[in-house]
Amino acid sequence: MTYDYDRSMFTAPPPPSMQVDRSRRDRRDGTIYVWTPDLELVVNIALATERPLLVRGPSGTGKSSLAASLARAQGWRYYEEVVSSTTEAQHFLWKFETLKRLSEAQAGGVKDPIHYVEPGALWWAFDPESARCRGVNGFRLLRDPNRFPQNAGARAVVLIDEIDKADPDVPNNLLVPLGSLEFTVTDASDAIVKASVPPVVVITTNDERELPGAFLRRCVVIKLDPPDRATLQRIAEAHFGSDTDGLYDKVADAMDAIAVAKKARALPLPSTAEFLDAIAACRDLNVTPGTHPTWQAIERAVFFKPGMQDEPRNA
Amino acid sequence: MSRGTPDAEVGFADLIKAVERLRVRDVALVRRIAEVLQVEALVHKPAPPRQAPVPRSPVPDPKPPSPPAPVREPLTDFRRSTITRSRDEAPAFAAPVPSLPSPTDETNEPPLPFQPLFTPSWTRAILSLSLATPGEHGPVDLNRVVERASRGEAVTRLPRRLVPTLRKGVQVLVDRGAGMVPFARDADALVREIVLVAGRETPVLHFRGLPLNGVVDLKRRIELEYAVPPAGVPVALITDFGIGVDPFDTDRPTSDDWVEFLRSVRRTDSSLIAFVPYPRHRCGRSIAALVTIIEWDRRTTLTRIRAALHRGWSHR
């Protein structure tokens with residue numbers, strides 16, 4: 001499927017070829033990413049509407065690396081926050097180091113409260129100059145946590161990874177700063193942080209819990225499905241070079257059979273990341289899928305993690 | 001992120017903005033964008049072809065004539081009729097048909113995949129939330145620190161905020177009575193999920209009727225008298241509270257029996273959570289007042305669990 005529209009805001013880069021040496025781990029830096037026309041369109045829609053992009057889909061489908069790939073392709077600054085069960089919405093704006101202040105106060109060395117303000121990813125994305133000095137002119141400069149220091153433009157991409165891990169109130173509490181593109185640092189200086197250029201906010205979810213309707217209605221949503229056979233082949237070629245000995249096809253065949261077996265046992269289906277791991281193992285160990293005991297060991301270790309066989313979960 | 005409109009939801013304005021900025025001229029692509037933005041209902045779709053109008057008579061009859069009544073065949077009196085058939089003539093139902101192929105590995109269909117009652121991807125979050133008890137393991141409780149510091153007291157121990165925790169574990173009671181037979185596979189799957197969430201050492205006890213009649217530890221293959229867990233350890237019941245049992249079954253425990261059991265558990269300061277494959281209102285008010293009932297169903301979300309727990313806090 002190809003779409004005819006103006007791609008001047010974002011044009012998906014072609015995947016690099018022959019990245020053999022840099023391909024052996026879960027890459028989140030966006031160096032290798034296979035874009036589909038539909039994904040490119042949805043990213044353009046999010047850019048055009050200036051809405052957060054909510055990316056859903058099972059593990060290993062490339063949700064997290066999408067943001068980095070976008071930032072890398074466009075030369076934009078890149079920040080990421082991985083959400084945990086204790087993450088609060090304010091952490092994306094700033095954190096206040098209460099314990100540090102308390103311990104310094106007890107040691108008799110307490111400073112002005114502004115010293116204990118740590119800018120969060122959205123502050124850096126909205127206004128890096130303000131974040132660098134914690135909102136107070138002339139204050140000691142902080143180091144910019146931009147993951148791509150070579151990109152220093154006005155625009156930034158922020159990845160908020162696995163938002164479904166957070167308390168259900170967190171997404172709703174982000175609506176105002178994301179909608180108005182400004183917030184006030186109430187803990188210290190009362191500095192008002194404003195974005196001159198709206199950042200691209202990419203939010204991922206594994207759908208382990210439902211997200212509030214109000215939040216969903218304010219996002220552009222895309223679901224990344226497991227790739228089809230042709231896309232799998234392209235992904236493997238982007239990571240390991242062309243398929244000279246038909247290995248990718250054989251691993252894909254084996255993965256299809258494993259998917260049928262796992263589906264019948266209500267286990268999570270194999271992911272793209274596992275497919276790449278299996279190819280990497282086959283290449284290093286010089287094995288092809290079949291009845292060879294080494295392949296069976298690879299199959300167990302990569303696709304059926306020990307202890308997982310009895311876990312009844314529908315993918 | 002439309003600037004200046006923080007409360008705006010995705011809508012038609014976004015569709016226009018996207019179409020304009022992306023210079024879309026293709027109607028099919030406009031529809032695709034509308035689909036992504038979930039405003040497809042607002043996109044003009046070609047109306048279905050209209051059917052040719054039925055020609056009307058100039059003056060419609062106020063009451064169309066009723067069709068003639070069918071002429072009934074006289075009923076056959078089978079008691080007096082005689083069947084005349086030659087001996088060689090086989091009845092139609094006895095005509096030879098090809099027999100079914102014998103079951104082999106090739107012809108056997110694989111069993112249908114198991115479909116759990118909870119939404120699979122939400123199950124662990126549902127269990128983590130419903131089985132957790134509050135514990136002082138969260139971030140530092142600043143309000144309490146400030147309160148103490150304001151009184152001039154030394155802060156010798158940092159008070160922490162209450163967060164839900166599974167540290168206390170959980171005792172699982174699985175109803176294996178007649179009413180739960182249709183849910184046996186679901187119960188097994190739910191027990192496995194609970195063990196994954198709460199830990200391998202989670203005690204799982206099975207019972208028929210009521211736990212007070214005796215429980216079975218299938219892992220150790222022993223029958224035991226039911227013992228309430230230590231104070232504070234929650235009890236998770238997987239049961240239908242007898243809803244699915246034959247109402248004429250005299251051995252069926254009554255609501256009063258259940259209430260007596262639930263009260264005996266509550267006396268030890270343990271919270272009670274029941275996963276029930278029926279709507280909450282069918283459990284009865286007296287039972288629902290003593291236990292947090294989680295409807296074991298695909299429509300159950302964390303928001304509904306929170307509401308159920310909120311109701312249940314009064315009995316915790």
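Within each chain, residue numbers correspond to sequence positions counted from 1 in written order. As they are written, the chains are lettered A onward and the ligands numbered 1 onward, keeping that order. Whole-chain, interface and lining totals are the exception, using all residues; otherwise, since this is a predicted model, local features are given only for residues with pLDDT of at least 70 and side-chain atom pairs are given and counted only at 80 or more.

Asks: Which residues make up the interface of chain B and chain A, and what values go with them?
Replies: Accessible area lost during the coming together of the parts is what is often quoted as the interface size. Opposite the 40 residues of chain B that make contact, chain A presents 39 residues. Helix numbers and strand numbers start at the N terminus; a helix is a DSSP run of H or I with at least 4 residues, a strand a run of E with at least 2. Counting residues per element, the ones that place at least two in the side of chain B that touches chain A are helix 1 (12-21), helix 2 (27-36), helix 3 (123-131), helix 5 (184-198) and helix 8 (302-312) of chain B. Take the side of chain B that touches chain A: its biggest share by element is 4 residues, from helix 1 of chain B. Here the side of chain B that touches chain A is composed, by residue class, of 24 nonpolar, 6 polar and 10 charged. We call two residues in contact whenever the C-beta atoms placed from their backbones are within 7 Å. Classification convention: Asp, Glu, Lys, Arg as charged; Ala, Val, Leu, Ile, Met, Phe, Trp, Tyr, Cys, Pro as nonpolar; all other residues, Gly among them, as polar.

Asks: Mind laying out the domain arrangement of chain B, listing which residues take part and the relevant values?
Replies: Domain segmentation is taken from an automatic or database assignment of domains. Along its sequence, chain B is carved into domain 1 (12-42) and domain 2 (120-136 + 165-315). Measuring from the centre of the C-alpha atoms in domain 1 of chain B to the corresponding centre in domain 2 of chain B gives 49 Å.

Asks: Outline the environment of P270 of chain A, listing residues and values.
Replies: Residue and element names in this part refer to chain A. Relative to the helices and strands, P270 resides in the loop between helix 10 (247-264) and helix 11 (272-285). The exposure class of P270 is buried, given the 23 C-beta atoms found within 10 Å. Taking the C-alpha atoms as reference points, P270 and V260, 10 residues apart in sequence, are found 9.9 Å from one another. Setting aside residues no more than four positions away along its own chain, P270 makes contact with M255, I258, A259, K262, F275 and F303. Exposure classes come from backbone-placed C-beta atoms, where a residue is buried if 20 or more other C-beta atoms lie within 10 Å of its own, exposed if 12 or fewer do, and partly exposed in between.

Asks: Which residues make up the nonpolar core, and what values go with them?
Replies: All names here are of chain A. Structurally, a nonpolar core is described as a collection of buried Ala, Val, Leu, Ile, Met, Phe, Trp, Tyr and Cys residues joined by way of C-beta atoms within 7 Å. The biggest cluster of nonpolar side chains holds 91 residues, and the ones touching the most others in it are I45, L53, V157, V158, V202, V220 and I279. The element best represented in this core is helix 1 (residues 37-49), accounting for 7 residues. With sequence-adjacent residues up to four places away left out, V202 is seen in contact with L53, V55, L66, A67, V157 and L159.

Asks: Please set out unusual backbone geometry residue by residue, giving values where relevant.
Replies: For residues besides glycine, phi is generally negative; the peptide bonds are generally trans as well. Positioned with a positive phi, E50 of chain A is a non-glycine residue whose angle comes to about 55 degrees. Notably, F241 of chain B is not glycine yet its phi reads approximately 50 degrees, a positive angle. With respect to the helices, strands and loops of the structure, F241 of chain B is situated in the loop between strand 7 (235-238) and helix 6 (255-266).

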